[in-house]
Amino acid sequence: MSADVVVRMPDETNGVTLRGHPMVFLVTGENTKHTSMFDWTIPAGFATGRHVHRVQEESFYLLEGECEWYVADSVIRATPGTFLFIPPGVPHNITNVSETPARVLMTVSPPGHEHYFEELSKLAAQGAPDPEALADLRNRYDTDQLSTLTTRT
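Residues numbered from 1 in each chain as written. Predicted model: local features only at pLDDT ≥ 70, side-chain atom pairs only at ≥ 80, totals over all residues. Heavy atoms only, no water.

Could you clarify how one ought to interpret the pattern of salt bridges in this entry?
When the charged atoms of two side chains with opposite charge come close together, those side chains can pair. Counted under the stated rule, the structure contains 8 salt bridges. Where Glu 64 meets Arg 103, a salt bridge forms, and the shortest distance between an N and an O atom there is 3.0 Å. Separated by 39 residues along the polypeptide, Glu 64 in strand E5 (residues 57–64) and Arg 103 in strand E10 (residues 102–109) bring together distant segments of the chain. Between Asp 136 and Arg 140 there is a salt bridge, with its nearest N and O atoms 3.0 Å apart. One end of the pair, Asp 136, and the other, Arg 140, are both in helix H2 (residues 131–140), 4 residues apart, so they sit about a helical turn from each other. Overlapping salt bridges, with partners in common, bring together Asp 39, Glu 64 and Arg 103 in one network. (Salt bridge = Lys/Arg side-chain N within 4 Å of Asp/Glu carboxyl O. Helix = DSSP H or I, 4+ residues; strand = E, 2+ residues; numbered from the N terminus.)

Mind showing me how you'd approach the packing of aromatic side chains here?
Two numbers describe a pair of aromatic rings. These are the distance of the centres and the angle of the planes. Evaluated as defined, the whole model comprises 6 aromatic pairs. Where Phe 25 meets Phe 38, the ring centres are 5.3 Å apart and the plane angle is 65 degrees; that geometry is what we call edge-to-face. A residue pair is termed long-range when its members are at least 10 positions apart, and Phe 25 in strand E2 (residues 21–27) and Phe 38 in strand E3 (residues 36–42) qualify at 13 residues. Residue class for Phe 25 comes out buried when judged on its relative accessible area of 3%. Each member of the aromatic cluster is reached from another via a ring pair, and the members are Phe 25, Phe 38, Tyr 116, Phe 117 and Tyr 141. (Phe/Tyr/Trp six-rings, centres within 6.5 Å; stacked < 30°, edge-to-face > 60°. Buried < 20%, exposed > 50% of the residue type's maximum accessible area, 1.4 Å probe, protein only.)

Would you mind showing me how to read the environment of Tyr 116 here?
You can see Tyr 116 is positioned in helix H1 (residues 113–125). With residues up to four places along the chain from it excluded, the contact list for Tyr 116 reads Leu 137, Arg 138 and Tyr 141. (Contact = heavy atoms within 4.5 Å.)

Structural data, given as structure tokens:
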């Protein structure tokens, strides 16, 4: 097998823990110039808050649970099998509206957003993150936060 091929087995734990749930890094900027891919377990009721990326494009494929995406002026109620592609400059928010954790495959292009999640998990492990540290983190990783992290819209 070529040295450039990436294989992740189900029992590997490459990634971080966010709000007590895993985000597995499947492929990152360490492996490719084009995209990062994550298997993200989103806690019940969790919402990212509305945000926008200036450069990054994201895609999501819902594997388990039920989520709502607020994308621009639309609300998408997603069930397993729903796919979304969000280009740069489009405000969006992801909310797990189910009573159980939801799982999504998420890609971010170009790669590097894994470093955002690594730093975020360290900030969150210390309790409620300092707002200035969080704002600095988001600014460095192409994320303009438009509403608080826990809102549903």
